[in-house]
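Residue-level listing of the chains:
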Amino acid sequence: MSNIKIKSKNLNVYYGQKQALFDVNLDINEKEVTALIGPSGCGKSTFIRCINRMNDVIDICKVEGNIEIDGIEVNDKELDVVSLRERVGMVFQKPNPFPKSIYDNISYGPKIHGKGETKSELDEIVEKSLRKAALWEEVKDRLDEPGTGLSGGQQQRLCIARAISVNPEVILMDEPCSALDPIATAKIEELIDELKKTYTIVIVTHSMAQAVRVSQKTGFFHLGKVIEVGKTEKIFKNPDNKMTQDYITGRFG
Amino acid sequence: MNLVLIFLITIFSLSLFFYGRSKTKSISIQNNIKLNALPKFYGYYLVLWCSIPALIFLLVWSLFEPVIIKSIIIETAANQGAIFNDKNEANLIYEKIKAIHLGTFFGDIDSILKESAISYAKFLNLFTNSKIVLIFGIVIASVIYSLKKIKNNNKARDDVELILKGLLFASSLIAILTTLGIIFSLLFESIKFFSVINIFDYLFGTNWSPQRAFVSDASKITSAELEEIKDAFGFIPLIAGTSFIALIAMLVAVPIGLFSGIYMAEYASVKVRRISKPIIEILAGIPTVVYGFFAALTVGPFFRQAGESLGLTVSSESALAAGLIMGIMIIPYISSLSDDVINSVPQSLRDGSYAIGATKSETIKQVVIPAALPGIIGSVLLAVSRAIGETMIVVMAAGLAANLTINPLDSTTTITTQIVMILVGDQEFDSPKTQSAFALGLTLFIATLILNYIAQRAVKKYREKYD
Ligand SMILES: Nc1ncnc2c1ncn2[C@@H]1O[C@H](COP(=O)(O)OP(=O)(O)OP(=O)(O)O)[C@@H](O)[C@H]1O
Ligand SMILES: [Mg+2]
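Calculation rules
- Residues numbered from 1 in each chain as written.
- Chains lettered and ligands numbered in written order.
- Predicted model: local features only at pLDDT ≥ 70, side-chain atom pairs only at ≥ 80, totals over all residues.
- Heavy atoms only, no water.
- Near = heavy atom within 4 Å.
- Polar contact = N/O pair within 3.5 Å; in protein donor to acceptor, adjacent residues only side chain to side chain.
- Areas by Shrake-Rupley, 256 points an atom, 1.4 Å probe, with all protein chains shown as cover.
- Helix = DSSP H or I, 4+ residues; strand = E, 2+ residues; numbered from the N terminus.
- Contact = heavy atoms within 4.5 Å.
- Buried area = accessible area lost by both parts, 1.4 Å probe.
- Salt bridge = Lys/Arg side-chain N within 4 Å of Asp/Glu carboxyl O.
- Nonpolar A, V, L, I, M, F, W, Y, C, P; charged D, E, K, R; others polar.
- Domains from an automatic or database assignment.
- Core = buried A, V, L, I, M, F, W, Y, C linked by side-chain atoms within 4.5 Å.
- Buried < 20%, exposed > 50% of the residue type's maximum accessible area, 1.4 Å probe, protein only.
- Pairing = 2+ DSSP bridges.
- Axes fitted to C-alpha atoms, helices over the stretch in contact; angles between N-to-C directions.
- Phe/Tyr/Trp six-rings, centres within 6.5 Å; stacked < 30°, edge-to-face > 60°.
- Lys NZ or Arg CZ within 6 Å of the ring centre and 35° of its normal.
- Parallel < 35°, antiparallel > 145°, perpendicular 65-115°, else oblique.
- Left-handed = near helix turned anticlockwise from the far one by under 90°.

Turning to the site of ligand 1, a few remarks are in order. All names here are of chain A. Around ligand 1, a shell composed of 14 residues is seen, among which Ser-40, Lys-44, Ser-45, Thr-46 and His-206 lie nearest. For ligand 1, an oxygen atom lies 2.8 Å from a polar atom in the side chain of Lys-18. In the complex, the protein chains occlude 67% of the 630 Å² of accessible area that ligand 1 would expose alone. Contributions of two or more residues to the shell around ligand 1 are made by strand S2 (18–29) and helix H1 (44–51). A per-element tally of the shell around ligand 1 places H1 first, with three residues.

Right under this line is the structure:
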C-alpha cells in the first residue's frame, strides 16, 4: 500500500455566504493518479484549488479545516505560498500558455524560484521538462516562437511542461483534456501514465472512461460532499453507494 | 413661419399613427384577413410618409428661397436704374432693400430703393404663400398615397425598415461628406500654398517666420518677393517643438498613467475602484484652457523662480511647463485605457502564473503587462496624437518664438500654436502666410491620422488575440 501524500480533514469552503464544500475527508496516495468525478458545480475544482491555495486569489473564498501534505498543514497562515506552489503544480482546463516564447514559458517557473542560475542550466531544465511532457521533439527547433502559436493539445502539454519545470511533488489537473480532441487527449493520458512514476497526480475529469483509464483511485463528489472514495476498479465495477452507481452509469449529472 | 409649419406637420403625422393603427386593425377584423405586419407598423408607415417628404421639401425650399428672391430683386432693381459695379455693391443694395423692408434702415431712401423694397415684400409674400400651399399639397398627396397602400395591406414592416434605413444612411452620409469637405478644403488651400512655396523648402526649412511674408496676393507674387519669403516657412522648428513638448508630456504621463492603470486594474478593491476611477476621469473632462492658464500663470512662473534661485535662466513660457501640464492632462487617457486593456487580460493567465508560485508583482510584470503590451502601446500612441494636436495649453504656456532648441527651459512653439497665431486678427485670405496655416493643418492631420491608425491597429490586434 502506498503512502498518503495529501490528507484533507473536515474541509469546508465558502464562497461568501454559499458553502461549496462540506466536511471533505479525502486521502490522496503518493505516486498515484487520483481522479475526482461528479456533476458540474459539485466542488471538484474548489477542492483541488485548496491543495495549492489557489483559492487565496478569490476574495470571497474562505477555507476552514485541514489539508496536509506530508503532514504539513497547508492552510497555515504562516506557510509560504510560493514554496507550496513550487511543490504543487497545476494544469488548467483551458491551456493558458503565457504570451511568451516556448522557452520562456518553461523557464518562467525556474527563474522565479531561483533555479537554473546559468543559461546552460536553464536550457537543461527546459529540455528535460519538454521531454517529460512529450513535446520536445515537436518544438525543439522553434523554442523562440510564441507558445500561443501551438495547437491546443501542444499548448496543454506545454502547460504540463511548465508545471513540471519547477520539479513539483504533486500535479493538480483540472479537466486538462476538456478542450482537446481525442488524439491530443490520448497523448495527454499516456503522458499522465508516465508522469505518475515521479509525481502524485490529482485529476478532475468529466469523462468516466478517462477516469478508468488513468486513475488508481477515484473520488465521487456530489453537492460539495464526498459520496464515495475507493479504488477506481471498485468504484466503477461495484460502488457501494446508489448515487455513485447512478452517476457512473449516466443516469444523472 | 417655418417652425410653425414643422410643428403642424409633426403633430399631424403623429396623429396619423393612431389612425393607421386602428384603421388597419378594423380592416383585418372586418375582412377577416391576416395583416402583413403588426398594426403599429402601419401607424409608423403613415407617420413617416406624411412627415418626411414635406420636411424635405421645406428644407430644400428654405435653402433656395433667399437665393432666388435675391437674384430677382437685384435684377429688377437694375432694370429700374440702380447702379452697381460689382457683386459687393449689389449685395450692399440688396441688404439695404431688406433693411428698408424690415424698417431698420436709417438713411436716404430714393425711389428705386423704395420700389424695390415694395416688390421685395411682394415676392416674400408670394413665396411664403406658395410654400404653404405646396406643403399642404404634398402632405395631402402623401396621405392619400400611403392610406391607399395600407388599405391594400402592404408590407408595411419592410417599408418602414427601408425608410428608417434610408434615414440612418442619410445621417452617416452627412457625417462623411462634412469630413471629406474639410479634408478637401485643407488639401486645396495647401496646394495653393505649395504652388508658391516649394514643398521641400517647407518640409526641411529650419526657419519659421511667416510674418515676413506680408505679400497680399499669392497669385501675383513677384520673383523678388518670392526670393524674400522662400525660406520663411521652414517646418522643422515647429515639428521639433511639437515633438519636444509631446515628449516631455509623455515622460510625465506614461509612467504615472500606466502605474495608476495597473493599480486600478490589479490592486484596487471594488470600492476604491468605484470611487477613484470617476475622479481620474474628471481630469479628462477639465477644459484644456483651464490647464492652459494653470500652466501659464502658476507652473511657468514657478519654474522661472525655481530656476533663478538655482542660477538658471528660465523663460516664463517654457517647453517644460507646457509639457508638464499637457502630461497631466493626458494621464487619465493612458490610465483609463491601460486599465481597460489590463482588465481584459484573461484571468487564466494570472492563474497560471500564481499556480507556479509567482507573486502578484512578478505576475504583473512578467505576464500581465507583456500580454497587455500591444494595447498599452496603442493607448500611448492615442495619447501622443492628442498631445501633438493639443492647442490651448501650448498657446498659453509654450511661447510663440519658433526656436530650434532642446533646452526644456527655453520657450518653443508648436504647429497648433502657429496656426492660431497666423489666423487671429485680420487676414488676407490669399496671402501665403494665411495659406501656410492650411498646410500646417494638413501636416498635423496626416500625422495624427497615421498615429491613430497604428494605435487602433495595435489595440485591435490585441483584442483579437484574447476575445
Ligand atoms: N469564484 C466563485 N465565486 C462564487 N462561487 C463560486 C466560485 N467558484 C465556484 N463557486 C461555486 O462553488 C460551487 C462549486 O464550484 P466548482 O467550480 O468547484 O465546481 P466543479 O465541480 O469544478 O464544477 P465543473 O465540473 O463545472 O467545473 C459551485 O456551486 C459554484 O457556483
Ligand atoms: Mg471545475
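The subject of this paragraph is the interface of chain B and chain A. Think of interface size as the accessible area that goes away when the parts come together; that is how it is often given. Each partner contributes residues to the interface: chain B has 19 residues there, and chain A has 21 residues. Each partner contributes to the roughly 1,600 Å² buried at the junction of chain B and chain A, and carbon and sulfur atoms together form 65% of this total. For the chain B face of the interface with chain A, the top three residues by lost area are B:Ala355, B:Ile356 and B:Gln366, together amounting to 37%. Where chain B touches chain A, the interface holds zero salt bridges. Taken together, chain B and chain A are joined by five residue pairs in polar contact (both at pLDDT 80 or more). Secondary structure elements with two or more residues in the side of chain B that touches chain A: helix H12 (347–355), helix H13 (360–389) and helix H16 (432–466) of chain B. If you tally residues by element for the side of chain B that touches chain A, the top one is H12(B), at eight residues. Of the residues that constitute the side of chain B that touches chain A, the class distribution is eight nonpolar, eight polar and three charged.

Looking at the assigned domains, one finds that chain B contains domain 1 (2–154) and domain 2 (236–466). On a C-alpha basis, the centres of domain 1 of chain B and domain 2 of chain B stand 50 Å from each other.

All names here are of chain B. Met-326, Ile-330 and Leu-440 are the most contacted members of the largest nonpolar core, which totals 71 residues. If one sorts the elements of this core by residue count, H13 sits on top with 13 residues. Look past the residues within four positions of Leu-440 in its chain and what remains in contact with it is Tyr-202, Trp-208, Phe-235, Leu-238, Ile-415, Gln-418, Ile-419 and Ile-422.

Turning to the sheet that holds strand S9 (residues 217–222) of chain A, a few remarks are in order. Residues and elements named next belong to chain A. In space, the six strands of this open sheet follow the order S6-S7-S8-S3-S9-S10, with mixed pairing throughout. Looking at strand neighbours, the two that pair on one side only are strand S6 (88–91) and strand S10 (225–231), the edges of this open sheet. Averaged over all neighbouring strand pairs, the angle between strand axes comes to 15°, with direction disregarded. Note: strand S3 (residues 33–37) against strand S8 (residues 200–204), four bridges, orientation parallel. Paired with Leu-36 across the two strands is Val-204, which belongs to S8.

Our next topic: the pattern of salt bridges. Inspection of every chain in the model, using the stated rule, returns 25 salt bridges over all chains. Between B:Asp339 and B:Arg273 there is a salt bridge whose closest N-O contact spans 3.3 Å. Of this pair, B:Asp339 sits in helix H11 (residues 319–343) while B:Arg273 sits in helix H9 (residues 270–285); the two residues are 66 residues apart in sequence, bridging distant segments of the chain. Here B:Asp339 falls in the buried class, since its relative accessible area comes to 1%. B:Asp340 is the partner of B:Lys277 in a salt bridge, and the nearest nitrogen-oxygen pair spans 3.5 Å. Highlighted residues: B:Lys277 in helix H9 and B:Asp340 in helix H11, separated in sequence by 63 residues. Residues joined by salt bridges that share partners form a network here, namely A:Lys5, A:Asp70, A:Arg87 and A:Glu169.

What follows is about the side chain of B:Ser260. All names here are of chain B. Counting through the fold element by element, Ser-260 comes out in helix H8 (residues 236–267). A polar atom in the side chain of Ser-260 sits 3.1 Å from the side chain of Ser-335. Dropping the residues within four chain positions of it, Ser-260 is found in contact with Ile-280 and Ser-335.

Moving on, we get to the environment of B:Pro432. Following the sequence through the fold, B:Pro432 ends up in helix H16. The spatial distance from the C-alpha of B:Pro432 to the C-alpha of B:Ala397 is 27 Å, given a sequence separation of 35 residues.

All right, on to the packing of aromatic side chains then. In this structure the tally under the stated criterion is 20 aromatic pairs over all chains. Put simply, the rings of B:Phe193, B:Phe194, B:Tyr202, B:Trp208, B:Phe233 and B:Phe235 pair up and form one aromatic cluster. One cation-aromatic arrangement involves A:Lys62 over A:Tyr14; the distance from NZ or CZ to the ring centre is 4.8 Å. Above the face of the B:Tyr267 ring, B:Lys360 is positioned so that its terminal group lies 5.0 Å from the ring centre.

Moving on, we come to the packing of helix H3 (residues 102–112) of chain A against helix H6 (residues 152–164) of chain A. All names here are of chain A. Viewed as axis vectors pointing N to C, H3 and H6 meet at an angle of 30°, and their least axial separation amounts to 7 Å. One way to sum up the angle between H3 and H6 is to call them roughly parallel. Note on packing geometry: the crossing formed by H3 with H6 is right-handed. On H6, the residues that touch Ile-102, Asn-105 and Ile-106 of H3 are Leu-158, Ala-161 and Arg-162. Here the contact of H3 with H6 is built from residues that sort into four nonpolar, one polar and one charged.

All names here are of chain A. Even without glycine at this site, Arg-53 takes up a positive phi of about 55°. Assignment of secondary structure puts Arg-53 in the loop between H1 and strand S4 (61–69). For Arg-53, a relative accessible area of 8% corresponds to the buried category. Phi angles above zero are rare outside glycine, and Glu-175 is one such case at about 45°. Within the secondary structure, Glu-175 is located in the loop between strand S7 (170–174) and helix H7 (182–195). Residue classification places Glu-175 among the buried residues on the basis of a relative accessible area of 12%.

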